[in-house]
Amino acid sequence: MTLLVSLRSSAVGELPPRLVLFNGPPRSGKDTASKILSELLGGPPVYWLADHLCTMVQRAHWLDPHPKAYEGVKDVPMPALEGKTPRQARIAFAERYIKPTYGADFFAKRLHESMPSTVKLKIIADLGFDEEMRLLEQHHRCVIVQLRREGCDFSNDSRKYVEPGECGGACVMLDNNGSIEDLWDALRSVVAPLLTLT
């Protein structure tokens, strides 16, 4: 079952949103929901803020630098990462080195700079920090989709639920405790219509 907990929009009379940001704890369904929404909308690209971080950490440890190389084992300790899981190694690297040196919005800046301006709608699968959201909202009208799932929380992650800004767009909260079909239905009936508001 899907539950719309909140919907805020200041999109009346403006152009449709250009960026959909999925936000939720690990294993809440962000990647799956992003891919489903892309399919529903005819294939807009899906991006991950963490891709650059994954590549940096994996190169530093002489591992395969492809950002998705360890996706299936991101919560499994690895000897090459000094016994840390890939997720733990990424969090430690970002919190100890990147954020203090380059700021908490570093990965959002990198992603924003790399996304083609000619693509009208883009999806980001892994928003997790207010600073990232604020930077992206400065450049794009956004719809934030926050996912909740029983048994999933941020206790082993540095991310959190973001506080939506004042820059327009909308924020929806979806309860993702049902089937994959329920998630399809929620994205089709609740999120997709927000992307066609004029």
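Look a little higher up for the structure.
The structure displayed is predicted, hence computed values, not measured ones. (Residues numbered from 1 in each chain as written. Predicted model: local features only at pLDDT ≥ 70, side-chain atom pairs only at ≥ 80, totals over all residues. Heavy atoms only, no water.)

Description of the overall build of the protein
Point 1. Within the protein, the regular secondary structure consists of six helices and six strands.
Point 2. Ordered by position in the sequence, the α and β elements of the protein form the string β-β-α-β-α-α-α-β-α-β-β-α.
Point 3. Split into buried and exposed, the 198 residues of the protein put 47% on the buried side.
Point 4. Accessible surface, the protein as shown: approximately 10,000 Å² in total, 55% of it carbon and sulfur. (Helix = DSSP H or I, 4+ residues; strand = E, 2+ residues; numbered from the N terminus. Buried < 20%, exposed > 50% of the residue type's maximum accessible area, 1.4 Å probe, protein only. Areas by Shrake-Rupley, 256 points an atom, 1.4 Å probe, with all protein chains shown as cover.)

Brief notes about the environment of valine 172
Point 1. Secondary-structure assignment places valine 172 in strand β6 (residues 170–175).
Point 2. Placed 19 residues apart in sequence, valine 172 and valine 191 show a C-alpha to C-alpha distance of 7.8 Å.

Quick word on the pairing of strand β5 (residues 142–148)
Point 1. The element β5 is extensively covered by neighbouring structure, given that six of its seven residues are classed as buried.
Point 2. Examined bridge by bridge, strand β2 (residues 19–23) and β5 share five bridges and lie parallel to one another. Across the sheet, phenylalanine 22 pairs through a bridge with valine 145, a residue of β5.
Point 3. Across six bridges, β5 lies against β6 in parallel orientation. Note that in β6 the partner of valine 145 across the bridge is valine 172. (Pairing = 2+ DSSP bridges.)

Topic: the environment of proline 45
Point 1. Positionally, proline 45 belongs in the loop between α1 (30–40) and β3 (46–47).
Point 2. The class of proline 45 is partly exposed, set by a relative accessible area of 25%.
Point 3. Through-space distance from the C-alpha of proline 45 to that of lysine 35 is 8.9 Å; in sequence the pair is ten residues apart.
Point 4. Once residues within four sequence positions are removed from consideration, proline 45 is found in contact with Val119, Leu121, Lys122 and Ile123. (Contact = heavy atoms within 4.5 Å.)

Looking at the packing of aromatic side chains
The description of an aromatic ring pair uses the distance of the two centres, along with the angle that the planes make with each other.
Point 1. Tallying each qualifying case throughout the model produces four aromatic pairs.
Point 2. Consider the rings of phenylalanine 154 and tyrosine 161, whose centres lie 5.0 Å apart with planes at 90 degrees: the pair is edge-to-face.
Point 3. Here a set of aromatic residues connected by ring pairs shows up, and it is made of Tyr102, Phe106 and Phe107.
Point 4. Sitting over the ring of phenylalanine 129, lysine 99 keeps its end group 3.3 Å from the ring centre.
Point 5. Residue placement shows arginine 148 over the ring face of tyrosine 161; its charged tip is 4.3 Å from the ring centre. (Phe/Tyr/Trp six-rings, centres within 6.5 Å; stacked < 30°, edge-to-face > 60°. Lys NZ or Arg CZ within 6 Å of the ring centre and 35° of its normal.)

With respect to the pairing of strand β4 (residues 122–127)
Point 1. By the criterion of burial, β4 is predominantly enclosed, with six of the six residues buried.
Point 2. Note that β2 and β4 share four bridges and pair parallel. Bridging from a neighbouring strand, valine 20 pairs with isoleucine 123 of β4.
Point 3. For β3 and β4, the ladder comprises two bridges, and the chain directions are parallel. Each residue of the ladder has a partner; that of valine 46, found in β4, is isoleucine 123.

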